[in-house]
Amino acid sequence: MLGKLLIYVAFISSIISMLSFFMTHLGKKELMKYGRIFYHITSVSVICASIFLLYLILSHQFQYAYVWSESNTELQLPLLISTFYAGQEGSFLLWTLFTAIIGIFLLNYVSKGDRLEPQVMAVYNLVLAFLTLILILKTPFNYVWEAFPKEVEMGFIPPEGRGLNPLLQNFWMSIHPPTLFIGFSSLAVPFAFAIATLMKNKYNEWITFSLPWLLFSGGVLGVGIMMGGYWAYGVLGWGGYWGWDPVENSSLIPWIITVAAIHTMLVQKKTGGYKKTNLILSILAFLLVLYSTFLTRSGILGNSSVHSFVDPGAIVYLVLVLFISSFVIIAVLAIILRLKELRAFRKEQSGFFTKETFIFIGALALCASALVVTVGTSWPLISKGTVEPEFYNRMNLPVAIILMLFMGLSIFLEWTHTEKNKFLMNISLPVILSVAGLIILIFIGLRDPIFIILTFVSLFAFFINLLIVIRIIKSKKSTFGGALAHIGIAMFFLGIIGSGKYSEEVNLNLELNKPVEAFNYKFTYVGAEPFMDANNKSDTMYHFNVKVEKDNKEMMLSPIMYYSKFSNGVLKNPDIANFVSKDLYISPMGYEEPKLFSDNQVYELKKNDKIQAGELSIEFLDFDFGNIQKGGPEMASGNYTIGAKLKVTDGKNSEFITPKLKYENGEPTYIPETMNSNPVYEFYFKNMSVKNDNEGGSVATIAVVNLNDIKNGSRKDETLIASVSVKPFIWVLWTGVMILGLGFFISIIRRRKELLKKNKNPEKIIKPK
């Protein structure tokens, strides 16, 4: 009840805060303080609701349906905390929580000077109002008897929870989703600034206030996306870091638009251009967050995405549609109402070969990429099918070439006029280094013409930005964040070329202790080892150990595979060996039990029956129950040993042998017996069928194996089926991602310092034309 009450308070206070700020915008300045007070009530209520849900999870309050559904008592603390956002309801609360917390900083930020506080906070509160409304309809605070009224009696408390999906039981679950949600939440800030500047009809200063937030959103969201990529690559065993899954794409699209908006904002700060473009891109980035939320949580991608949530229900579905529609309508109406003023913006063209033009072309390339991904991602809305990954790769390849080329060339172009000789001199060294690097890569194995072009422009962008970073550092300045981010994205594309286009993969059948060669390595499966995970005590997991040998050196790779009772299927985790030039990647695909005997070696015998098996005469005498009672409690427990008494004659000698079948927790294990004859035979007791005489009598099923046949290869031992791949230079990709993130955050610090400096010296502010 407390959790629901806090959400209701947050919803009502966000509405009051929004109306107070909006009335302040209309001239009722005395209402400003109420807007601030009720915003703090909203944020405190959301924070308290979140703390309460976390308390319910940590104290295992399984009478709450959400806690029961997502957690259990086995989970260790980090993963137990992560169940907060593992389901629909919790992830909505996490989004609301981060939006509320960011709003506290935003309110403090806009309250200093003329930073469009009433307008920004009115829009921002509307975002919070919708989020809290969704939480009212899709609450994590329902009791189990409220969630399942026909199945559970009021007051029932389940003794244990269902637990966290084993696919999510990983370190990355603790940081990847929160990072994405911080990025999603923070994109509401540039959106609020864009709508606010349309409300205020002032189009210059807002980018100064908005740019640090946009940089923050781009940096955090980009890092979150690639965390998910590494999770998929290093843990989930999907064989790659990006599969163009619709839900993966839905977070990528807003990020691409955010990066485009960052660059066009920089142009406006310098030249005053692209005012309309910046408004549209800032609005579009947040609207695409809402669209991605709709795709992910409406259930419409249930058959086309491994990430999608289930259908949230008709009411929540309608609220999601209303959420998106409302903000689309607000944005469109705001632009229409200011269309006359926006059309009045005209700027004298500065020529084609300028930094401004090339940055704009790069931004257009980013928008084109976002459009391609949006169309492919939205295809399930139009058709029952999905778009193949090749569509995205093929369509984005020329876009990537344009992006890298213009990203490199724009660095040494001036804002207005560029001297030709100076420009050619500046790019000459990067061109030489790029050609040299390209020749080396072609010698190594780069062949495809289109990828040769992409490699060259990526090397070109890398070396140009590297020179810029070196120059800036030598000048003892800290303005190299953008160039560092460009180095990261260039390395990212180079890593994609190596690990994607030139990755090699083969499926191997690794029979126990029998080496198989691939990629100049020798792979030998040496057996499986069971182990228990501290977070998942209900499933027995297995390390499938593979010895890898090359050049008299060896190492052990141990991918994981096990049957999950939670998901009712087999789950797999890869193992990876990292080298300077490549990753060696082993992902388990399947497992075949040892084949100890074939169907034609199996015989069924009733008591006192005799059969001829090759040179042997075999008589089934009786079952050997040992000290257990037939049909007694030991057999009912699933833990017992039973044998089949056989008399075997080879024409010369007779032996009495008793192959046995041992059951542990209902799982059978063969205990064979051997007849020391020539040839040597091995006997297995396969199963039994105990019946009365009037039902046909009891039957023993045995297998008789000539061990000479084993030497001829008729028996197949246990076999691991594994996908083995070599991914060249993938470390370049991951290094590029880290450098890209670092560049973003250095840029954030720089823009923050610039803003503080201008606040101290307002007379030095130069407004763009």
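Please read all numbers here as calculations on a predicted model, not as lab measurements. (Residues numbered from 1 in each chain as written. Predicted model: local features only at pLDDT ≥ 70, side-chain atom pairs only at ≥ 80, totals over all residues. Heavy atoms only, no water.)

**Remarks on the domain arrangement of the protein**
Each domain of the protein was delimited in the assignment, giving domain 1 (1-164) and domain 2 (599-711). The gap between the C-alpha centroids of domain 1 and domain 2 is 65 Å. (Domains from an automatic or database assignment.)

**Digging into the pairing of strand β9 (residues 582-592)**
Across the 11 residues of β9, 8 count as buried, placing the element largely inside the fold. Bridge count between strand β8 (residues 575-578) and β9: 4 bridges; the pairing is antiparallel. Within β9, the position partnered with Ile576 by the bridge is Tyr585. Here β8 folds back onto β9, and the loop between the two strands holds 3 residues. As paired elements, β9 and strand β20 (residues 719-728) share 10 bridges and run antiparallel to each other. Counterpart to Leu584 in the pairing with β20 is Val726. (Buried < 20%, exposed > 50% of the residue type's maximum accessible area, 1.4 Å probe, protein only. Helix = DSSP H or I, 4+ residues; strand = E, 2+ residues; numbered from the N terminus. Pairing = 2+ DSSP bridges.)

**Some words on helix α12 (residues 275-297)**
An ideal rise of 1.5 Å per residue puts 33 Å on 23 residues; α12 measures up with 34 Å between its terminal C-alpha atoms. The buried fraction of α12 is high, at 18 of 23 residues. (Expected span 1.5 Å × (residues − 1).)

**Points about the packing of aromatic side chains**
All chains considered together, the criterion is met by 43 aromatic pairs. Ring geometry for Phe130 versus Phe323: centroids 4.9 Å apart, planes at 10°, classification stacked. Residue Phe130 is located in helix α6 (residues 117-137), and its partner Phe323 is located in helix α13 (residues 314-337); the two are separated by 193 residues in the primary sequence. Put simply, the rings of Phe52, Tyr55, Tyr64, Phe141, Tyr143 and Trp145 touch in pairs and so form one group of aromatic residues. It is Lys550 that lies over the ring of Tyr521; its NZ or CZ is 4.7 Å from the centre. Cation over ring: Lys727 sits above Tyr585, and NZ or CZ is 5.3 Å from the ring centre. (Phe/Tyr/Trp six-rings, centres within 6.5 Å; stacked < 30°, edge-to-face > 60°. Lys NZ or Arg CZ within 6 Å of the ring centre and 35° of its normal.)

**Regarding the environment of Phe358**
The topology assignment puts Phe358 in helix α15 (residues 355-377). When the C-alpha atoms of Phe358 and Leu413 are compared, they prove to be 8.5 Å apart, with 55 residues separating the residues in sequence.

**Let's talk about the pairing of strand β5 (residues 553-557)**
Pairing of strand β4 (residues 536-550) with β5, which is carried by 5 bridges, proceeds in the antiparallel orientation. Across the sheet, Glu549 pairs through a bridge with Glu554, a residue of β5. Counting the residues between successive antiparallel strands, the hairpin from β4 to β5 contains 2 residues, one of them, Asp551, with a positive phi of roughly 55°.

**Let's talk about the sheet that holds strand β17 (residues 673-675)**
Think of a sheet as strands paired side by side through backbone hydrogen bonds, with each pair either parallel or antiparallel. Taken in spatial order, the 4 strands of this open sheet run β10-β19-β18-β17, and their pairing is antiparallel. Taken across any chain shown, the strands that pair with only one partner, and hence form the sheet edges, are β10 (602-606) and β17. Sheet twist, expressed as the mean angle between neighbouring strand axes with direction ignored, is 35°. Sheet analysis places strand β18 (residues 681-689) next to strand β19 (residues 699-706), joined by 8 bridges and oriented antiparallel. (Axes fitted to C-alpha atoms, helices over the stretch in contact; angles between N-to-C directions.)

**Brief notes about the nonpolar core**
Residues Trp95, Leu106, Phe193, Trp255, Phe327, Met404 and Leu454 are the most contacted members of the largest nonpolar core, which totals 174 residues. For this core, the element with the most residues is helix α10 (residues 206-236), which contributes 14 residues. Setting aside its immediate chain neighbours within four residues, Phe327 contacts Val123, Leu126, Val127, Phe130, Phe191, Leu287 and Leu290. Ranked by size, the runner-up nonpolar core spans 24 residues in total, among them Leu605, Phe625, Ile657 and Leu661. (Core = buried A, V, L, I, M, F, W, Y, C linked by side-chain atoms within 4.5 Å. Contact = heavy atoms within 4.5 Å.)

**So, the pattern of salt bridges**
Considering all chains together, one arrives at 8 salt bridges under this definition. With a shortest N-O distance of 3.7 Å, Asp622 and Lys607 are connected by a salt bridge. One end of the pair, Asp622, is in strand β12 (residues 616-624); the other, Lys607, is in the loop between β10 and β11 (610-613), and 15 residues separate them in sequence. Given the relative accessible area of 29%, Asp622 is considered partly exposed. (Salt bridge = Lys/Arg side-chain N within 4 Å of Asp/Glu carboxyl O.)

**Some words on a nonpolar patch on the surface**
Side chains of Leu2, Leu5, Val9, Tyr34, Ile37 and Ile41 sit close together on the surface and give an oily, nonpolar patch of about 500 Å² of accessible area. Contributions of two or more residues to the nonpolar patch are made by α1 (2-25) and α2 (32-58). Relative to the assigned elements, Ile41 resides in helix α2. (Patch = residues over 30% accessible without salt bridge, like charges linked within 9 Å, V, L, I, M, F, W, Y side chains within 5 Å. Areas by Shrake-Rupley, 256 points an atom, 1.4 Å probe, with all protein chains shown as cover.)

**Some points on the packing of helix α19 (residues 449-474) against helix α20 (residues 481-501)**
Taken N-terminus to C-terminus, the directions of α19 and α20 make an angle of 155°; their axes are 8 Å apart at the nearest point. In terms of orientation, α19 and α20 fall into the roughly antiparallel class. In the crossing of α19 with α20, the sense of the turn from one axis to the other is left-handed. Of α20, the residues touching α19 (which contributes Phe451, Leu454, Thr455, Ser458, Leu459, Ala461, Phe462, Asn465, Leu466, Ile468 and Val469) are Ala483, Leu484, His486, Ile487, Ala490, Met491, Phe493, Leu494, Ile497 and Lys501. Across the contact of α19 with α20, the residue classes break down as 16 nonpolar, 4 polar and 1 charged. (Parallel < 35°, antiparallel > 145°, perpendicular 65-115°, else oblique. Left-handed = near helix turned anticlockwise from the far one by under 90°. Nonpolar A, V, L, I, M, F, W, Y, C, P; charged D, E, K, R; others polar.)

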